[in-house]
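Residue-level structure breakdown
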Amino acid sequence: MTIVDAVAEPLPRAVIDLAALRHNVAHLTALIAPAETMLAVKADAYGHGLLPIAEAGLEAGATSLAVLEIPAGLVLRHAGITVPLLAWLHGRDTDWRAGIEADIQLGISAQWQLDAIAASGADRPAVIHLKVDTGLSRNGATREEWPGLIRAAVDLEQRGIVRIRAAWSHLADASIADDEAALAEFRDAVLEAEKLGARFEALHLAASSAGIRMPEARFSFVRFGIAAYGFSPFDDSTGAELGLIPVMRLEAPVTEVHVGGTTHARLGIGYADGVPTLGIAKTSIQLNGRRCPVIEVDADSMLVDAGPHRVEVGDTAILFGPGTDGEPTAEKYADWAETIADEMVTGVAARVPRVYVN
Ligand SMILES: *Cc1c(COP(=O)(O)O)cnc(C)c1O
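Quick look at the structure, then. Bear in mind the structure is a predicted one, so any value in this text is a computation, not a measurement. (Residues numbered from 1 in each chain as written. Predicted model: local features only at pLDDT ≥ 70, side-chain atom pairs only at ≥ 80, totals over all residues. Heavy atoms only, no water.)

Comments concerning helix H4 (residues 70-78)
To keep it simple, the criterion reads: Note on exposure labels: buried denotes an accessible area under 20% of the residue type's maximum, exposed denotes more than 50%, and partly exposed covers the range between, all computed with a 1.4 Å probe on protein chains only. What counts as a helix is a DSSP run of H or I of at least four residues, what counts as a strand is a run of E of at least two, and both are numbered from the N terminus. Any two residues whose heavy atoms approach within 4.5 Å are treated as being in contact.
Buried within H4 are the following residues: Ile70, Ala72, Gly73, Leu74, Leu76 and Arg77. Taken together, the buried residues of H4 touch helix H3 (50-59), strand E4 (64-68), strand E5 (85-87), helix H5 (96-101) and strand E6 (104-108). Downstream of H4 by one or two residues, Gly80 has phi in the positive range, about 95°.

What follows is the structure, encoded as structure tokens:
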């Protein structure tokens, strides 16, 4: 083979279709009404970019945002976002006072978190959402801890240190039977808390999966993540079948063309940019209107087989997108790489520029 051409410093890019995001949020919000949408923008909005996604989601009907940790909430506040924000991942270094004074609502699942709020010196009550574990076993108070947590929160509320806003939990989404058992557990925990004097303005339980398929789990609002980005939370359906449009299209330029018995094209994107190395033998990407099998993936580049077809340096390959130009969706790519669409989009490296359209 001979190298016929090459260029320097080509860049891959992730094109973010904000119209698709708005479509998905509006579609999901209509589905769950009168419940509302809390859009999950954790992990830099699943790799799509925190602020543009937050703004587009709010335009399309989301009424609050889930940010995971206080610093991400502060970024949104500094950008002028005024809607309710919920942060629930706290650690040793959490700046509780900054979060409370920026009016970031706090998911609370343990006594040490209430102690930290009481000691924070914040100039106003912390607005808290008390989280109970209903089977997922991921940062919620156990049913044994729950009554103690409620008593402590009610006491702090009477002293003006917190305002109890909600009770909440997170479903495992492993099976419908599991989620129904968790729903019953949640209702029971809410009743128990009310008997201990807690009053909740809101209840919330569902993420994308139960938000779509389990109307009785919608309560005050649904915390939509993956579905808003265009992907199905279910194994047995695609995002398209749910009326959703993938928001991210991952593109890379052809940087070298090797012409021989068959044309091999090198693309300027690799595993350092988030391209999976698993399942390569099954994987194909879209180039000049055709699917091209992937041959290898290196750190900064990958090689694909364009067969007998003409390819030029500077042509644009699509690794995944909405599927409308024949390219794979991230759901499809994830199948090949034995992962999920969430990981495909969230895993696109920060060094890949996000380009916003629509
Ligand atoms: C990530 C997350 C969500 C969104 O989940 P999806 O399945 O992506 O919709 C909702 N709630 C919590 C607590 C989360 O961590």
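So, the site of the ligand
Selection criterion: Here a residue counts as near a molecule or strand whenever at least one of its heavy atoms sits within 4 Å of it. Any N or O atom pair separated by 3.5 Å or less is treated as a polar contact, with the protein-specific requirement of one donor-capable and one acceptor-capable atom, and with residues adjacent in sequence counted only for side-chain atom pairs. Shrake-Rupley sampling with a 1.4 Å probe provides the accessible areas, and residues are treated as covered by the protein chains on show and by no other component. As a working rule, the residues Ala, Val, Leu, Ile, Met, Phe, Trp, Tyr, Cys and Pro are called nonpolar, Asp, Glu, Lys and Arg charged, and the rest polar, with Gly in that last group.
For the ligand, the set of nearby residues contains 13 residues, the closest of which are Lys42, Tyr46, Ser208, Arg223 and Ile226. The contact in question runs from an oxygen atom of the ligand to an N or O atom on the backbone of Ile226, over 2.8 Å. The fraction of the free accessible surface of the ligand (390 Å²) that becomes covered by protein chains is 91%. Of all the elements in the fold, those that place two or more residues in the shell around the ligand are helix H2 (42-46) and strand E10 (221-224). Partitioned by chemical class, the residues of the shell around the ligand number 7 nonpolar, 3 polar and 3 charged.

Overview of the side chain of Asn24
Residue position: Asn24 is located in helix H1 (residues 18-32). When residues no more than four places from it in sequence are discounted, the contact partners of Asn24 are Ala227, Ala228, Tyr229, Gly230, Gly243, Leu244, Ile245 and Val247.

Some words on the packing of aromatic side chains
Worth spelling out the cut-off: Aromatic rings from Phe, Tyr and Trp, taking only the six-membered ring of Trp, are treated as a pair when their centres fall within 6.5 Å; an angle between ring planes under 30 degrees marks them as stacked, one over 60 as edge-to-face, and anything in between as tilted. Our definition puts a charge over a ring when NZ of Lys or CZ of Arg is within 6 Å of the ring centre and also within 35 degrees of the ring normal.
Per the counting criterion, the structure on display carries 6 aromatic pairs. Ring centres of Trp96 and Trp112 lie 6.1 Å apart, and the angle between their planes is 85°; on these two criteria the pair is classed as edge-to-face. In this pair, Trp96 is assigned in helix H5 and Trp112 in helix H6 (residues 111-118), connecting sequence segments 16 residues apart. Take Trp112: its relative accessible area is 42%, and that puts it in the partly exposed class. Aromatic rings pair up to connect Phe320, Tyr333 and Trp336 into one cluster. If you follow Lys131 out to its NZ or CZ, it ends over the ring of Trp168, 4.5 Å from the centre. For the cation-ring pair, Arg213 lies above Phe234, with the distance from its terminal atom to the ring centre recorded as 3.6 Å.

Focus on the nonpolar core
Stated precisely, the cut-off is as follows: Grouping buried Ala, Val, Leu, Ile, Met, Phe, Trp, Tyr and Cys residues that are joined through side-chain atoms within 4.5 Å yields what is termed a nonpolar core.
In this structure, Ile128, Ile285 and Met302 are the most contacted members of the largest nonpolar core, which totals 121 residues. Per element, the largest residue contribution to this core is 7 residues, and it comes from helix H7 (residues 146-158). Other than its neighbours up to four places away in sequence, Ile128 contacts Leu106, Ile108, Leu114, Ile117, Ala153, Val162, Arg163, Ile164, Arg165 and Ala166.

Thoughts on the side chain of His48
Mapped onto the elements, His48 comes out in the loop between H2 and H3. Accessibility expressed as a relative area gives 0% for His48, which makes it buried. A distance of 3.0 Å separates the side chain of His48 from the backbone oxygen of Tyr46, its partner in a polar contact. Ignoring any residue separated from it by four or fewer positions in sequence, one finds His48 in contact with Ile16, Ile53, Tyr229, Val247, Met248, Val345, Arg354 and Tyr356.

Side note on the sheet that holds strand E8 (residues 162-168)
What counts, and what does not: Pairing between two strands requires that DSSP report at least two bridges joining them. In this analysis an axis means a line fitted to C-alpha atoms, helices contributing only their contacting stretch, and an angle means the value between N-to-C directions, from 0 to 180 degrees.
Spatially, the 8 strands line up as an open sheet ordered E9-E8-E7-E6-E5-E4-E3-E10, and their pairing is parallel. The sheet is open, and its two edges are formed by strand E9 (202-204) and E10, each paired on a single side. Within the sheet, the average angular offset between the axes of one strand and its neighbour, ignoring direction, is 30°. Bridge count for E6 against strand E7 (residues 126-131) is 3 bridges, and the pairing is parallel. Across the sheet, residue Leu106 finds its bridge partner in E7, namely Ile128. Strands E6, E7 and E8 of the sheet are contacted by H6, whose axis makes an angle of about 145° with E6. Along the sheet, H7 makes contact with E6, E7 and E8, crossing E8 at roughly 150°.

Some remarks on the pairing of E4
For clarity, the cut-off: If you view a crossover with the strands going away from you and the path from the first strand over the helix to the second runs clockwise, you call it right-handed.
Buried residues dominate E4, accounting for 5 of its 5 residues. What you see with E4 is no split at all: Ser64, Ala66 and Leu68 on one side and Leu65 and Val67 on the other are buried throughout. Here 3 bridges tie strand E3 (residues 36-40) to E4, and the two strands are oriented parallel to one another. Note on E4: the bridge partner recorded for Leu39 is Leu65. Taken together, E4, H4 and E5 constitute a β-α-β crossover, and its handedness is right-handed.

A closer look at the packing of H3 against H4
As a reminder, the rule being used: In this scheme, roughly parallel covers angles under 35 degrees and roughly antiparallel covers those over 145, while 65 to 115 is roughly perpendicular and the rest are oblique. If you view the pair so one helix is near and one far, a crossing is left-handed when the near helix is turned anticlockwise from the far one by less than a right angle, and right-handed when it is turned clockwise.
The geometry of H3 relative to H4 is characterised by a closest axis approach of 10 Å and an angle of 65° between their N-to-C directions. Classified by the interaxial angle, the pair formed by H3 and H4 is roughly perpendicular. Relative to H4, the crossing made by H3 is right-handed. Residues Leu50, Leu51 and Ala54 of H3 pack against Ala72, Val75 and Leu76 of H4. Grouping the constituent residues of the contact of H3 with H4 by class yields 6 nonpolar, no polar and no charged.

Remember that the coordinates give geometry; whether it matters functionally is a separate question.
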